[in-house]
Amino acid sequence: MSFFTSLSGMRNAETDLRVISNNIANAETAGFKKSNAQFSDLVATGGNTDPRRTPGIGAAVSSISQDFGLGALEQTGRGLDLAINGDGFFATANPLSGDLTFTRNGNLSIVATGELQDAFGDLVQAYPVDATGAQTSNVPANVVIPTANAAGSALTSVAINSAGIVGASYADGTNEPIAQIALASFPATGGLRPIGQTKWEATSVSGAPEYGDPGIGNFGQLMSGSLERSNVDLAGEMVSLLTAQRNFQANARAIDTATAISQTVLNLQR
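Residues numbered from 1 in each chain as written. Predicted model: local features only at pLDDT ≥ 70, side-chain atom pairs only at ≥ 80, totals over all residues. Heavy atoms only, no water.

Caption draft 1: Inspection of the overall build of the protein chain at higher detail. Counting secondary structure elements, the protein chain contains two helices and 20 strands. For 270 residues, the compact-globule estimate of 2.2 N^0.38 gives 18 Å, and the protein chain exceeds it by more than 25% at 26 Å. Principal axes of the C-alpha set define a box for the protein chain whose edges measure 100 × 35 × 30 Å. Taking all 270 residues of the protein chain together, the buried fraction comes to 37%. Per element, the accessible surface of the protein chain, about 14400 Å² overall, is 53% carbon and sulfur. Averaging the locations of the 14 positively and 23 negatively charged side chains of the protein chain gives two centres separated by 18 Å. (Helix = DSSP H or I, 4+ residues; strand = E, 2+ residues; numbered from the N terminus. Rg over C-alpha atoms; globule rule 2.2 N^0.38 Å. Buried < 20%, exposed > 50% of the residue type's maximum accessible area, 1.4 Å probe, protein only. Areas by Shrake-Rupley, 256 points an atom, 1.4 Å probe, with all protein chains shown as cover. Lys, Arg positive; Asp, Glu negative; His and termini not counted. Charge placed at Lys NZ, Arg CZ, Asp CG, Glu CD.)

Here you go:
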């Protein structure tokens, strides 16, 4: 039994190492959120077992939880880089399927057709607004910035303020509000499913997304010209890496010891 107990410890240490390695690998990934492995013990017991003589039979992974703490906000100087100073996620839609995903990576760009996309080609969701910047609908939709205004002047630049208003400037000197970035929140953020590319999708555990305006209520303000760095603390991860390595080595040594004891017992029986 000691073999299987130590084997479970080695498997858990390997899982811990994989989680830590993934954190370290994404230490420079914008919008990345680190994970932590949690374990629980396994107890071999029955209703008639003396609790003072209850042996354990190892451990198992109870959960791998995500830490959605705020990462450092780094100024990039690029006008279409956005960081959320507080809670909330950018909502993006797949241009083919329309499926919604959520991210903290605000590295945005405009394509030739005027659509506002994230770094992976998904369409940023925002509220439509009128000429005064007031919302005309509470249902977020794709952002499409006209490449020319009504007078035929070409688009020269795009700016996004802390309230999320996307403003377009044209060659004739006019400025027009186009949309207001919508932020999403969830009843249980920890229930979001990571799908790669620093994106998450909603699940039955996280609940459906709730949309709101930047800087209002629990939604953070937007910082233009900035990106949120990963919230991975490299020093802490290196300490955790050493601890997981020691745990793996200790369980491997326990298996060696159990093997030696078994061999000794077999030799005594000859």
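From this point, the narrative continues.
Caption draft 2: Just the packing of aromatic side chains, in detail. One pass over the full model with this rule turns up five aromatic pairs. With 5.8 Å between their ring centres and 80° between their planes, phenylalanine 68 and phenylalanine 89 make a pair best called edge-to-face. Of the two residues, phenylalanine 68 is situated in the loop between strand 2 (56-66) and strand 3 (73-75) and phenylalanine 89 in strand 5 (residues 89-93); the sequence distance between them amounts to 21 residues. Looking at phenylalanine 68, the relative accessible area reads 22%, which means it is partly exposed. The class for phenylalanine 89 is buried, based on a relative accessible area of 5%. Geometrically, the ring pair formed by phenylalanine 102 and phenylalanine 186 is edge-to-face, given 4.9 Å between the ring centres and 85° between the ring planes. Residue phenylalanine 102 is found in strand 6 (residues 100-103), and its partner phenylalanine 186 is found in the loop between strand 15 (183-185) and strand 16 (193-196); the two are separated by 84 residues along the sequence. (Phe/Tyr/Trp six-rings, centres within 6.5 Å; stacked < 30°, edge-to-face > 60°.)

Caption draft 3: Region of interest: the nonpolar core. Counting 21 residues, the largest nonpolar core has Ile160, Ile181 and Leu222 as its most contacted members. If you list the elements that add at least two residues to this core, you get strand 4 (81-85), strand 10 (123-128), strand 12 (155-160), strand 13 (165-170) and strand 14 (175-181). Discounting residues that sit within four places of it in the chain, leucine 222 has contacts with Leu82, Ala83, Ile84, Phe90, Ile160, Asn161, Ser162, Gly164, Ile181, Leu183 and Pro214. Counting seven residues, the second-largest nonpolar core is a separate cluster that includes Ala184, Phe186, Leu192 and Trp200. (Core = buried A, V, L, I, M, F, W, Y, C linked by side-chain atoms within 4.5 Å. Contact = heavy atoms within 4.5 Å.)

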